[in-house]
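# Descriptive structure summary
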Amino acid sequence: MAQDVIVSCRELTKTYDLYTGEGDRIRALLGLPAKGVRFNALEGVTQDFLRGEIVGLAGLNGSGKSTLARIIAGITHPTSGACTVRGSVNMLAANVGMNDQLTGRENIYYKCMLMGLTKRQIARVENSIIDFAEVGVYIDQPLRTYSSGMRSRLGFAISVHVDPEILIVDEALSVGDAAFSEKCLDRMQEFRDSGKTIFFVTHAPWQMLHFCDRVMWLHKGCVIGFDDADVMVPSYVEFTRDWTKMDQAARDAMEPTYAEYRERFQRQQREAWAQKAAERAAARP
């Protein structure tokens, strides 16, 4: 593996068995015949990710973004293929490693200990985590009383104070106010500047455009394309515009290609530049 490759995926496939009901699920667990279908959440993903870059994972619901992120994090394992990770990983998702019955402060100790910190190490960062999370007096209230935004802020604050080599952010910035999201993006920029690697899973493509180096587009578990963010994001947005206009039958039959949508985006760019040039020429005396 090359020196600057921190995550390497080879023919990565993750398959789930989907059953028609709870009875069939129990029968399958007992080794009895059960009605169900096999679903490939990921299929044949092969890609290297570089140390120190920010990678966006784009795709519709069910495209395989979170499945890939969870395999990289070691939360789940592939059905076949291999994922090699060279470095410590921390996955930031609103509900990962949090306990509703514990207070916010207790959750700091709980989650940090799950991630391998000692009590002495946690004590050194506790106040900094509380200040960053901005949950105020709620820090000593049970987590079940928190709003989704407060949970997300606390989870993010804990994760970024553990200082992993690889940080996976899975929809954690989709809740909460714009000011806190900007604060989180600034903190992740500090991570990148210090040589960390970040995987950014989000349904906000324009956020990826301004923050990510490269973006992988996943669709129905397969990689459609992987390119620089300034080309990939507008191409993916073109696809989503088509998708929203389709009925279910058209969606089921659709097999998008990156080349098609990249060409459409680049053609629009050329037309926009030509129009601006014509306007400037017309404005000359």
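Our structure is the block above this text.
My aim in this report is to walk through the structure given alongside it, one point at a time.

### A word on the overall build of the chain
- Across its full length, the chain holds 10 helices and nine strands.
- Expressed as lengths along the three principal axes of its C-alpha atoms, the size of the chain is roughly 70 × 60 × 40 Å.
- Residues counted as buried form 43% of the 285 residues belonging to the chain.
- Across the chain, every contact between residues at least 6 apart in sequence was considered, and the portion connecting residues at least 24 apart equals 69%.
- Carbon and sulfur atoms provide 50% of the accessible area of the chain, an area that totals close to 14600 Å².
- Between the centroid of the 34 positive side chains of the chain and the centroid of its 36 negative side chains there is a distance of 2 Å.

### Description of the packing of aromatic side chains
- Under the counting rule described, the total for this entry stands at 11 aromatic pairs.
- With a centroid separation of 6.2 Å and 85° between ring planes, the pair formed by Tyr-138 and Tyr-146 is classed as edge-to-face.
- By relative accessible area, which is 7% here, Tyr-146 ends up buried.
- Both rings, one in Trp-217 and one in Phe-239, keep their centres 5.0 Å apart while their planes meet at 45°; by these two values the pair is tilted. Here Trp-217, found in strand 8 (residues 214–219), pairs with Phe-239, found in helix 8 (residues 229–245); they are 22 residues apart in sequence, far enough to count as distant. Residues Trp-217 and Phe-239 agree in their burial class; the two are buried.
- Aromatic ring contacts, followed pair by pair, group Trp-217, Tyr-236, Phe-239, Trp-243 and Tyr-261 into a single cluster.

### Description of the pairing of strand 6 (residues 166–170)
- For strand 6, a buried count of five out of five residues is recorded, marking the element as mostly surrounded by other parts of the structure.
- Judged by which residues are buried, strand 6 turns out to be covered on both faces: Ile-166, Ile-168 and Asp-170 on one side and Leu-167 and Val-169 on the other are all buried.
- Pairing of strand 5 (residues 89–92) with strand 6 involves four bridges; the strand directions are parallel. Counterpart to Asn-90 in the pairing with strand 6 is Leu-167.
- Note that strand 6 and strand 7 (residues 197–201) share five bridges and pair parallel. By the bridge assignment, Ile-168 is partnered in strand 7 with Phe-199.

### A closer look at the sheet that holds strand 5
- Reading across the sheet, the six strands line up as 5-6-7-3-8-9 and stay open at both edges, with mixed pairing between neighbours. Looking along the sheet, the strands with just one partner apiece sit at the ends: strand 5 and strand 9 (222–228). Here the average twist between neighbouring strands, direction ignored, is 15°.
- Relative to strand 9, strand 8 runs antiparallel, the two sharing six bridges. Across the sheet, the residue bridging to Val-215 is Asp-227, located in strand 9.
- Along the sheet, helix 2 (residues 65–73) contacts strand 3 (54–58), strand 5, strand 6, strand 7 and strand 8; its crossing angle with strand 5, the most-contacted strand, is approximately 145°.

### Concerning the environment of Gly-62
- Looking at the secondary structure, you find Gly-62 in the loop between strand 3 and helix 2.
- By relative accessible area, which is 57% here, Gly-62 ends up exposed.
- Spatially, the C-alpha atoms of Gly-62 and Lys-220 are 6.6 Å apart, while their sequence positions differ by 158 residues.
- Not counting chain neighbours up to four residues away, the residues in contact with Gly-62 comprise Phe-39 and Lys-220.

### Overview of helix 2
- Taken as a whole, helix 2 has its buried residues at Lys-65, Thr-67, Leu-68, Ala-69, Ile-71 and Ile-72.
- Where helix 2 terminates, the next one or two residues include Gly-74, which has phi positive at roughly 85°.

### Considering the pairing of strand 3
- Along strand 3, five of the five residues are buried, which leaves the element largely enclosed by surrounding structure.
- Side chains of strand 3 alternate between two faces, with Ile-54, Gly-56 and Ala-58 and Val-55 and Leu-57 buried alike.
- Relative to strand 7, strand 3 runs parallel, the two being bridged by four bridges. Within strand 7, the residue paired with Ile-54 across the bridge is Ile-198.
- Where strand 3 meets strand 8, four bridges bridge the pair, whose relative direction is parallel. Residue pairing in the sheet places Val-55 in a bridge with Arg-214 of strand 8.

### Some words on the side chain of Thr-13
- Relative to the helices and strands, Thr-13 is located in strand 1 (residues 5–19).
- Of the residues examined, Thr-13 reaches a relative accessible area of 13% and is grouped as buried.
- Discounting chain neighbours no more than four positions away, the residues touching Thr-13 are Asn-40, Leu-42, Glu-43, Gly-44, Pro-78, Thr-79 and Ser-80.

Quick notes on the rules
- Residues numbered from 1 in each chain as written.
- Predicted model: local features only at pLDDT ≥ 70, side-chain atom pairs only at ≥ 80, totals over all residues.
- Heavy atoms only, no water.
- Helix = DSSP H or I, 4+ residues; strand = E, 2+ residues; numbered from the N terminus.
- Buried < 20%, exposed > 50% of the residue type's maximum accessible area, 1.4 Å probe, protein only.
- Contact = heavy atoms within 4.5 Å.
- Areas by Shrake-Rupley, 256 points an atom, 1.4 Å probe, with all protein chains shown as cover.
- Lys, Arg positive; Asp, Glu negative; His and termini not counted.
- Charge placed at Lys NZ, Arg CZ, Asp CG, Glu CD.
- Phe/Tyr/Trp six-rings, centres within 6.5 Å; stacked < 30°, edge-to-face > 60°.
- Pairing = 2+ DSSP bridges.
- Axes fitted to C-alpha atoms, helices over the stretch in contact; angles between N-to-C directions.

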